[in-house]
Amino acid sequence: PTVKMDVLNGKERVVPIKDKPLNVLDEGNPDAIKKIFRPTENPKFQSAPADSTVVRNTGIHKVLALDLTRDPRDINAVGQFGQAAVVPSDKEQEVRNRWNEGHFNVYLSDQIPVDRAIPDTRPQTCSESMVHDSLPTTSVIFCFVDEVWSTLLRSVHSVLNRSPPHLLKEIILVDDFSTKEYLKDNLDVYMSQLPKVRIVRLKERQGLIRARLAGAAIAKGDVLTFLDSHIECNVGWLEPLLERVYMDRRKVACPVIEVISDKDMSYVLVDNYQRGIFKWPLVFGWSTLSEDFIKKNHMKDSDPIRCPVMAGGLFSIDRKYFYELGSYDPGLDVWGGENMEISFKIWMCGGEIEIIPCSRVGHIFRGENPYKFPKDRQKTVERNLARVAEVWLDEYKDLFYGHGYHHLLDRTATDIGNLTDQIELRKRLKCKSFKWYLDNVYPEMVAPLTKAEGLVFNRGVRKCLVLQNTFLYFESCDLSQESQHFNYTWLKHVRQKDVCVAVQGKGPHLVLEPCDRSKPQLRWLHKASNSALVEHLIVEQAPRRQCLEAGALGDSIQLKDCDPTSAYQKWQFTHYHAE
Ligand code: UD2
Ligand code: MN
């Protein structure tokens, strides 16, 4: 007899299904599927010998639309079918009181069944697409710290209810040293009824990066699938991810991340053709593929989309390949930047990142992190990003620092930790350069290596700056003279080769010094063409601004109080790449 298991609040009900045995048998070739499937996820079936239920073959089948919530227990339940849930007016205060437990509507989450149905939001053709019968198995890894009970449960049930059981090796819950009581014994008891779920408890707070590593370390599946602990996997989400990894183990597959509203918990589908990108200074974002690009590549809405970077939370990766790549930099703390690290590593060391539109997972995006950072949040994220920049960005790391992170260059103030292992790893894997990555994976990215360059023209004397034999002076402008070529860099240096224009002591005289990223006295503010070159240090430390000024006869150059009306303080480089 075919039965459907249904779990709510720790109570198990076994519901006989009247007419049809299981929705899943509607799909594809029933014979093939009977062979590769256990009838249900019911633990009672799990004691059956594996080889009697799992028969592998090399054929293909239509992607399975297994969904044990398709026929929900209570069609009138709050939030059922992914609909917006309404807060009764007398509960609004409670909503506010409980908001900070998760930085979303925790009150509503608790009202919604942990096994609610959600709409199948896949593009039309997805249910017709074929996958191999012999896909690899996966371990699903959720790490969490102080996750909301109902949300964590809904995440786990969405995996159990919508994943082909023979492909789901296990679900690993990594508790990153949560403080909430309910996540202790209660969670153990609840999960003990779900034989595929294992719980790992970390003895101190590690942050999500090392927590994921702890989960990966004990995983037995062929593929690792990482998920955030406040998600709902949609119908047919798993096979399309595993198919890509199966076809090429160096492909890392991400589902489309849909939105579970933090306010009303509704399941909202997102626009098609979105890919993950970054802007300087390594800020993750989404960008829609251009219509031209879609046309030129004859793309269908179900085709995989290559992504320069992944969002971070949800992806499948071949387990052995994950370790060949050196997994994550374990020196990354708590939250942030690890998505950049793994993305650059994957692309530059021979892999690929794709979003698979036929795989969709809802995620509650929150305005704030609902947990505490052991150290300052901003400093933690900056430090993580600086580690990534130092290891992976080559000469482009100056763009990272130049877009608001100059202060990180002062290593006495910011200790970004030891990077020897990461740099070694990059050498050992013979990874390509960041320039290669920009040219081949993300050519739309604007990444000029300097902010401005060429001749440095002074408006007052109408001559150009010359650097020769440790002297700085003016001459008639002549592009053919190397000695008149300067760069204005992301680190705000006025620079010729390795020599930088600097302020001597407290001024007014200038000196030439070897360029040094950490020294603030080498930095000049220059906002636009035909504007001042302002001494950086003075701007930060004193109200009196000092600007570079050419002597009226063009025979000297020194620091003077800034005077916006003086043409002798207006400077112009030949080319400006930015601002
Ligand atoms: C996004 C990613 C997230 C991660 C992060 C950057 C998605 C949907 N989410 O932010 O996975 O890549 O960017 O780092 O792509 N957690 C711990 N220990 C901690 C902190 C967090 O276990 O110290 C857990 C947390 O409970 C959650 C997961 O890590 O399950 C991700 O954290 P988040 O949901 O706060 O990150 P999110 O979605 O803002
Ligand atoms: Mn999240």
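The structure displayed is predicted, hence computed values, not measured ones.

Below, the discussion takes up the site of ligand 1. The environment of ligand 1 is formed by 23 residues, the closest being Asp176, Ser229, Gly336, Glu338 and Tyr371. Note that an oxygen atom of ligand 1 is positioned 3.2 Å from one of the backbone N or O atoms of Val145. Note that an oxygen atom of ligand 1 is positioned 2.9 Å from one of the backbone N or O atoms of Gly313. Alone, ligand 1 offers 730 Å² of accessible surface; in the complex the protein occludes 92% of this. If you list the elements that add at least two residues to the shell around ligand 1, you get β5 (138-144) and α7 (207-218). Here the shell around ligand 1 gets three residues from one element, more than from any other, and that element is α7. Taken together, the residues of the shell around ligand 1 sort by class into nine nonpolar, eight polar and six charged.

What follows covers the packing of helix α12 (residues 377-392) against helix α14 (residues 420-428). In a packed pair of helices, the relevant descriptors are the angle between the two axes and the axis-to-axis distance. As a packed pair, α12 and α14 sit with axes 9 Å apart at the nearest point and diverge in direction by 35°. For the crossing formed where α12 meets α14, the hand is right-handed. Taken together, the residues of α14 that come into contact with α12 (itself represented by Arg387, Val391 and Trp392) are Gln422, Ile423 and Arg426. The residue inventory of the contact of α12 with α14, partitioned by class, reads three nonpolar, one polar and two charged.

Looking now at the environment of Val283. Relative to the assigned elements, Val283 resides in strand β13 (residues 283-288). Sequence separation between Val283 and Gly337 is 54 residues, and the spatial gap between their C-alpha atoms is 8.9 Å. Leaving out residues up to four positions away in the same chain, Val283 has contacts with Ile277, Phe278 and Met340.

At a minimum axis separation of 9 Å, helix α11 (residues 338-348) and α12 run at an interaxial angle of 15°. It follows from the interaxial angle that α11 and α12 lie roughly parallel. By crossing handedness, the relation of α11 to α12 is classed as left-handed. Seen from α11, the contacting residues are Met340, Glu341, Phe344, Lys345 and Met348; seen from α12, they are Leu385, Val388 and Trp392. When the residues that make up the contact of α11 with α12 are grouped by side-chain class, the tally is six nonpolar, no polar and two charged.

This model, assessed by the stated rule, comprises 39 salt bridges. A salt bridge links Asp67 to Arg162, with the shortest nitrogen-to-oxygen separation between them at 3.2 Å. Here the residue Asp67 occupies a position in the loop between β3 (60-62) and α3 (92-99), and Arg162 occupies one in helix α5 (residues 149-162), the gap between them amounting to 95 residues. Residue Asp67 is classed as buried on the basis of its relative accessible area, which comes to 4%.

It is worth spelling out the nonpolar core at this point. The tendency in soluble globular proteins is for nonpolar side chains to be buried as a group. With 73 residues, the main nonpolar core has Phe278, Trp280, Phe344, Phe400 and Tyr437 as its most contacted residues. Element by element, the count of residues in this core is highest for α12, at seven residues. When residues no more than four places from it in sequence are discounted, the contact partners of Trp280 are Leu393, Tyr396, Leu399, Phe400, His403, Phe434, Met445, Val446 and Ala447.

Note on strand geometry: in a regular strand, side chains alternate between the two faces of the sheet. Every second residue of strand β19 (residues 471-475) is oriented toward a common face, the buried set being Leu472 and Phe474 and the non-buried set Phe471, Tyr473 and Glu475. As paired elements, strand β18 (residues 463-468) and β19 share five bridges and run antiparallel to each other. Its bridge partner lying in β19, Leu467 is registered against Leu472. Between β18 and β19, which pair antiparallel one after the other, the connecting turn spans two residues, and Asn469 there sits at a positive phi close to 45°.

Rules used throughout
- Position numbers for residues start from 1 in each chain and track the written sequence from start to end.
- Going through the entries in the order they are written, you letter the chains from A and number the ligands from 1.
- Under the rules for a predicted model, residues below a pLDDT of 70 receive no local features and side-chain atom pairs below 80 are neither given nor counted, while totals for whole chains, interfaces and linings still include all residues.
- Side-chain measures here rest on the full set of heavy atoms in the structure, leaving out hydrogens and waters.
- If even one non-hydrogen atom of a residue comes within 4 Å of a molecule or strand, that residue is called near it.
- Any pair of N or O atoms that falls within 3.5 Å is considered a polar contact. Within protein, one atom must be able to donate a hydrogen and the other to accept it, and sequence-neighbouring residues count only if both atoms are side-chain atoms.
- A 1.4 Å probe and the Shrake-Rupley method give the accessible areas. Residues count as covered only by the protein chains that appear here.
- Counting from the N terminus, the helices are DSSP H or I runs at least four residues long and the strands are E runs at least two residues long.
- As a working rule, the residues Ala, Val, Leu, Ile, Met, Phe, Trp, Tyr, Cys and Pro are called nonpolar, Asp, Glu, Lys and Arg charged, and the rest polar, with Gly in that last group.
- Interaxial angles span 0 to 180 degrees and are taken between N-to-C directions of axes, which are lines fitted to C-alpha atoms, for helices over the stretch in contact.
- For any helix crossing, the convention is left-handed if the near helix is rotated counterclockwise from the far helix by under a right angle, and right-handed if that rotation is clockwise.
- Residue contacts are defined here by distance: any two heavy atoms, one from each residue, within 4.5 Å place the two residues in contact.
- By definition in this entry, angles of less than 35 degrees are roughly parallel, angles greater than 145 are roughly antiparallel, angles of 65 to 115 are roughly perpendicular, and the rest are oblique.
- Salt bridges are defined as contacts in which a side-chain nitrogen from Lys or Arg sits within 4 Å of a carboxyl oxygen from Asp or Glu.
- Exposure is judged per residue with a 1.4 Å probe applied to protein chains only, and the accessible area is read against the type maximum: over 50% gives exposed, under 20% gives buried, and values in between give partly exposed.
- For our purposes a nonpolar core is just a set of buried Ala, Val, Leu, Ile, Met, Phe, Trp, Tyr and Cys residues, chained together by side-chain atoms within 4.5 Å.
- In this scheme, strands are said to pair when DSSP sees at least two bridges between them.

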